[in-house]
Amino acid sequence: MKTIRTLGLGLLLAVFALFINLLFMGNYKLSSATFDLYIIQNNISSEVFIKDLKNTIVDNDFSTPFYLANSIAEAVESANTYHRENKEWNQVIWAKPHSLAYQIVKSSGQGIVVQNKFLIWLLSFGLAIIGALLFMLPAIRLKGPAGIKNNHIYHSNATNRGWIAWFVFAFLILFYLVLYFRPSYMINWIYIVDPISEFLSGNPASQWFLYGFLYCVIMTLMAVRMYIKYRHNNYQILRTTSLLFFQIVFAFLIPEILVRFEKPWYDFKNAFPLDYDFFFRWNLNELLESGGFGLFILVWGIVLSLVVVPVMVYFFGKRWYCSWVCGCGGLAETLGDPYRQLSSKSLFSWKVERWLVHGVLVFALLMTGLTLYGYFSEAYEVFGIKVQTIQDIYGFLIGSIFAGVIGTGFYPIFGNRVWCRFGCPLAAYMGVIQRFKSRFRITTNGGQCISCGNCSTYCEQGIDVRAYAQKGENIIRASCVGCGICSAVCPRGVLKLENGPEQGRIGSNAVLLGNEMNLLDQLHDK
Amino acid sequence: MEHIAIIGNGISGITAARHIRKRSNKKITVISSETDYFFSRTALMYVYMGHMKFKHTQPYENWFWKKNDITLKKGYVKQIDTAQKNLIFSNGEQLYFDKLIIATGSKPNKFGWPGQDLKGVVSLYHKQDLDAIEAYAPNNSVCKRAVIVGGGLIGVELAEMLHSRHIPVTFLVREESYWNSILPSGESKMITHEIIKNGIDLRLGSNLKQINSNEDGTVKSIVIAETGEEIKCNIVGLTVGVSPNIGFLKHSTIETNRGVLVNRNLETNIKDIYAIGDCAEQRIALEDRKPIEAVWYTGRIMGETVAQTICNKETLYTPGHWFNSAKFFDIEYQTYGRVNSEKYVKPNESHFHWMHPDQTKCLTFAFDKHTHTFLGINAFGIRMRHEIFNRWLDQNKTIDYVLEHLEIAHFDPEFYKTYYPEVLKKYNVETNKTLKLKSKSWSQLFTLKS
């Protein structure tokens, strides 16, 4: 068993090395035919840019995508500088330099990777999947009978902020930075998922397709780990299955298939304000131009946020979304599960959390207000503020940096729900409902708590669960995503997530005291 | 301002301090020689196993004490001058008090075995025990084998701890089946099986004769009394119960027996001096309870009770119906009311026992033979609702009523399979009855009086 595990780890590391190596492979040549076609299709009229590229890049060979991408991006920037100085506004290229570079690089690849997409997919993704399974499956035997097996989590370099954690931290942050801001650097990773993308949507893969595919693969593999770890716990098994289903079907397959039928790409479970660009002008226009189906999406999106979300939170708490449906939650509960204990439980963190998460919600709502005002008044500026600028700031700071780079990159150091806890505006919105108007609570079982602290330690949202449990109080917190792990790790059967009447939801359990005289006093006091 | 001194920063002392602070602005000093801050000693095992760090065992952040104006003092009280109301510390320091709460907890028992004080003989109670276990049994190359003596709850925890580091464990248990003085035989057998299933070398009916020493004063081996067998080991865990930690009171005027003798107000024979928690002994045992009860929640209740008395609201210690919980490797245990083992079973007490075929879940119900009043439940592998059982015990429900309404007492996580139809079926067969399971009703569950 141990040998199989070691073999799996070896395979994973080998594939990781190959994966990194892939970035530097292949060669790149932008043919003049491809370039001319690109210029025409994208209405680029900047002579400076065209001449620059023709002189330096077109029909030249490049051995990595990095230099090529940077040269193209620089060419865009210097052409734009020139046109702006000369006030030649019609020649300015409005596309973002690295998005444009990505598109050109994508059509310039030649050589081993481009020619062997499927083979390299097998060697990378295929072997990684096998390696991961070989590494994880032996846990069924090695970690002993079913039950909570958190042994050595705080002895391991990977899960106790050791060097492995810092390495993963650095890698994830780099990955997200490249994904968001320099997609052409990972062009070879994108090439190898082209066949799958073409099969699904008919289009070659983009970096977002690669990300979606990778997301599904990693979630599935880490869900296998969850199934093994919590095989005695039906709540965890069902919840993990639900997350997996919504990620693969709703976030990945349906949107790609919609594109094949020339419908807008849409994730039916992604609710505003997490889906922050739902009300952006371009999205509204696209939906309105897509006929009845577009209109249906528009209505569904509004109903989802204004009716479905609050009603479901009332009946089940925000867990119905965060721990059963959401994509961010899905990654956090699978890939992130080994890191849940790293969230800070200090009162200070709770204060920061409340300011930050509600701040983002307010930001999202203000931005959307401006956007809609601008949309209906057909203005690009509202109160002298460019709507686009606000959207760009939100997209960069919240959409990319907070949700992506920090949200996932910080897993190995600050726990798996950094985004959900400190940043997600939808979580903030649902949290307010959960706190004040919901049937959900975590019930504390009378006086059985022994203050051991497993619940607080393993709360990914940094809730000091024990603080409530040891007082016999139910846990009603805006941030609770109802993952159910506190209840799972409790060695004394003290905690139970449940939905029930609002009456008596918060009140502390008088039995706790065991002191019957006080019990009566307490009842009279109330 | 009145000065309340509390000796001991465990659950009892800290609960007392917190509740005195809630109700008054008296000056409070909590004294401990063990640690700077309150921690939950029930969680020490999880630190060794790597589930937590030591700081996670501390329920309050370090700023909490200053913010609540509770002074923490590290020191060892050597003597109490009850006449002058003075505490005398081992370093000669003195501290005047107006009222004193003794909450010094327990110390692990040692029964005079040869070698019981060798290096590598440990218990599992204090923070220092954890440090010692970490030092003598960091892994299975330094510690080739561990021997645990004493078949109680702490022994099985220690076995699980050492097992987590793949250290072979021999577990000496005096009884013929694990914990069978407390558990009815079916349950005792089930847990015995669970211990063996986890790879522990369980030696039933075995007592320790002596611990042999290496030349450097470390543990070399132990000898079993019954067989004379010598077992080589590097660490010996003595987990044969605890007794009140009151040695420092020997020469004081405070009356003691095994523990510090207190009345229902938790007051000792000396005015203004109280004792709570593991170290307190009730002069007259409360009905159905022992005069000394070393469990977590009684310490907490006593802390809260004494705080009220000290804050001029005289309150009797009334712990209510017995309950408790534990975990044996992967099997959780909860009990409400009294279910006695064959050894201590009451003349009027009868049992109904249900066991799942997989031998990891079982329920035992105790009831009165004549009146059929429900007396208590032992639940293994199934979580039960404290509040509901407390209510049923209060209301003297019958065993039939309890079995019919088990659904509302269910506390396992959502989507867990329930076994109550099988339980009831077995009961119906055994008693020739036709009881039917009532479905769960929220209104019953959440009404305090029903």
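Note that this is a predicted model, so its numbers are computed, not measured. Numbering of residues starts from 1 in every chain and runs along the sequence as written. Written order decides the labels, with chains lettered from A and ligands numbered from 1. With the structure being a predicted model, the display of local features is reserved for residues of pLDDT at least 70 and the display and counting of side-chain atom pairs for 80 or more, all residues being used for whole-chain, interface and lining totals.

Peer 1: Got a minute to help me understand the overall build of chain A in this structure?
Peer 2: If you tally the helices and strands in chain A, you get 26 helices and seven strands. Put simply, the radius of gyration uses C-alpha atoms, and a globule should come to 2.2 Å times the residue count raised to 0.38. Taking 24 Å as the expected radius of gyration for a compact globule of 526 residues, we find that chain A reaches 26 Å, a close match to that expectation. Taking the principal axes of its C-alpha atoms as reference, chain A extends roughly 90 × 65 × 40 Å. Two residues form a contact once the distance between their C-beta atoms, set from the backbone, is within 7 Å. Once local pairs closer than 6 in sequence are excluded, the contacts in chain A between residues at least 24 apart make up 75%. We count a stretch as a helix when DSSP gives it H or I for four or more residues in a row; a strand needs E for two or more, and each element gets its number in order from the N terminus.

Peer 1: I would appreciate a short explanation of the overall build of chain B in the present structure.
Peer 2: Counting its secondary structure elements, chain B contains twelve helices and 25 strands. The C-alpha radius of gyration computed for chain B amounts to 24 Å, which stays within 12% of the reference 22 Å derived for 450 residues, consistent with globular compactness. Projected onto the principal axes, the alpha-carbon positions of chain B cover approximately 70 × 60 × 40 Å. Around each residue's C-beta, the other C-beta atoms within 10 Å are counted; 20 or more make the residue buried, 12 or fewer make it exposed, and counts in between make it partly exposed. All C-beta atoms are placed from the backbone. Counting all 450 residues of chain B, 47% fall into the buried class. Put simply, of all contacts in chain B between residues at least 6 apart along the chain, 62% involve residues at least 24 apart.

Peer 1: I'm lost on the domain arrangement of chain B in this one. Help?
Peer 2: It is common to report an interface's size as the accessible area lost on association of the parts. As assigned here, chain B comprises domain 1 (3-107 + 243-310), domain 2 (121-240) and domain 3 (323-446). Using only C-alpha atoms to locate each centre, domain 1 of chain B and domain 3 of chain B end up separated by 35 Å. Domain limits in this description derive from either an automatic procedure or a database domain assignment.

Peer 1: Would you mind showing me how to read the sheet that holds strand S5 (residues 86-89) of chain B here?
Peer 2: For sheets, the rule is that strands pair by backbone hydrogen bonds, running either parallel or antiparallel. All names here are of chain B. In this description, strands pair whenever DSSP reports at least two bridges between them. Ordered by their spatial adjacency, three strands build an open sheet running S4-S5-S6, and the pairing between neighbours is antiparallel. The sheet terminates laterally at strand S4 (77-81) and strand S6 (94-96), the two strands that pair on one side only. Geometrically, the sheet is characterised by an average inter-axis angle of 20° between neighbouring strands, direction not taken into account. As defined by bridge partners, S4 adjoins S5 across four bridges and the pair is classed as antiparallel. For valine 77, the partnering residue across the bridge sits in S5 and is phenylalanine 89. Comment: axis = line fitted to C-alpha atoms, over the contacting stretch for helices; angle = value between 0 and 180 degrees taken between N-to-C directions.

Peer 1: Could you clarify how one ought to interpret helix H7 (residues 296-310) of chain B in this entry?
Peer 2: Side chains three or four residues apart in an α-helix point the same way, a direct result of the helix having 3.6 residues per turn. Residue and element names in this part refer to chain B. In a helix, the anticipated span is given by 1.5 Å times the number of residues less one. Across its 15 residues, H7 extends 21 Å between first and last C-alpha, which sits within 8% of the 21 Å expected from 1.5 Å per residue. With respect to burial, H7 is a largely interior element, 14 of its 15 residues being buried. Backbone geometry just downstream of H7 places asparagine 312 in the positive-phi region, at approximately 65°.

Peer 1: Even after reading the chapter, I still don't get the interface of chain B and chain A, so can you show me in this structure?
Peer 2: In this assembly, 44 residues from chain B lie in contact with 48 residues from chain A. If you list the elements that add at least two residues to the side of chain B that touches chain A, you get H7, strand S21 (323-328), strand S22 (331-337), helix H8 (386-394) and helix H12 (442-446) of chain B. Residue contributions to the side of chain B that touches chain A peak at five residues, all from H7(B). Asp, Glu, Lys and Arg are counted as charged, while Ala, Val, Leu, Ile, Met, Phe, Trp, Tyr, Cys and Pro are counted as nonpolar; the rest, among them Gly, fall into the polar class. Within the side of chain B that touches chain A, the residues separate by chemical class into 18 nonpolar, 16 polar and ten charged.

Peer 1: How should I be thinking about the nonpolar core in this particular structure?
Peer 2: Grouped burial of nonpolar side chains is what soluble globular proteins tend to show. The biggest cluster of nonpolar side chains holds 244 residues, and the ones touching the most others in it are A:Ile72 and B:Ile6. In terms of residues, this core owes the most to one element, helix H12 (residues 207-229) of chain A, which gives nine residues. In this structure B:Ile6 touches B:Gly13, B:Ala16, B:Ala17, B:Ile28, B:Thr29, B:Val30, B:Ile31, B:Ile101 and B:Ala103, once residues within four positions along its chain are discounted. What makes a nonpolar core is a set of buried Ala, Val, Leu, Ile, Met, Phe, Trp, Tyr and Cys residues, with links drawn between C-beta atoms within 7 Å.

Peer 1: Would you take a moment to explain helix H3 (residues 47-56) of chain A for this structure?
Peer 2: Residue and element names in this part refer to chain A. Turning to H3, its buried residues are Phe49, Asp52 and Leu53. For H3, the buried positions fall inside an angular range of 95° around the axis, keeping them on one side. Set apart from the buried face of H3 by more than 90 degrees, the exposed residues are Lys51 and Asn55. Along its buried surface, H3 packs onto helix H2 (32-41) and helix H4 (65-85). Along the arc lie the directions from the helix axis toward the C-beta atoms.

Peer 1: Help me out: how do you make sense of the pairing of strand S1 (residues 3-7) of chain B in this one?
Peer 2: For a regular strand, the rule is simple: side chains alternate between the two faces of the sheet. All names here are of chain B. When you tally the buried positions in S1, you get four out of five residues, the bulk of the element. Pairing of S1 with strand S2 (residues 27-32) involves five bridges; the strand directions are parallel. Following the sheet pairing, isoleucine 6 is matched in S2 by valine 30. Convention used here: a crossover is right-handed provided that the path from the first strand, over the helix, to the second strand proceeds clockwise when the strands point away from the viewer. The β-α-β motif built from S1, the intervening helix H1 (residues 11-23) and the parallel element S2 has right-handed crossover chirality. Two elements, S1 and strand S7 (residues 99-102), share four bridges in a ladder whose sense is parallel. Within S7, the position partnered with isoleucine 4 by the bridge is lysine 99.

Peer 1: Got a minute to help me understand the environment of B:Ile31 in this structure?
Peer 2: All names here are of chain B. Relative to the helices and strands, isoleucine 31 resides in strand S2. On the basis of neighbour count, isoleucine 31 is assigned to the buried category, with 22 C-beta atoms found within 10 Å. Residues isoleucine 31 and valine 236, spaced 205 residues apart in sequence, show a C-alpha to C-alpha distance of 30 Å. Those residues in contact with isoleucine 31 that sit more than four places away from it in its chain are Ala5, Ile6, Ile7, Lys73, Gly75 and Val77.

Peer 1: Teacher, can you tell me more about the sheet that holds strand S13 (residues 208-213) of chain B here?
Peer 2: All names here are of chain B. With antiparallel pairing, three strands are arranged side by side in an open sheet as S13-S14-S15. Two strands in the sheet have a free side with no partner beyond their single neighbour: S13 and strand S15 (230-232). Averaged over all pairs of adjacent strands, the angle between their axes in this sheet comes to 25°, without regard to strand direction. Taken together, the five bridges between S13 and strand S14 (residues 219-224) define a ladder with antiparallel strand orientation. Within the sheet, the bridge partner assigned to glutamine 210 lies in S14 and is valine 223.

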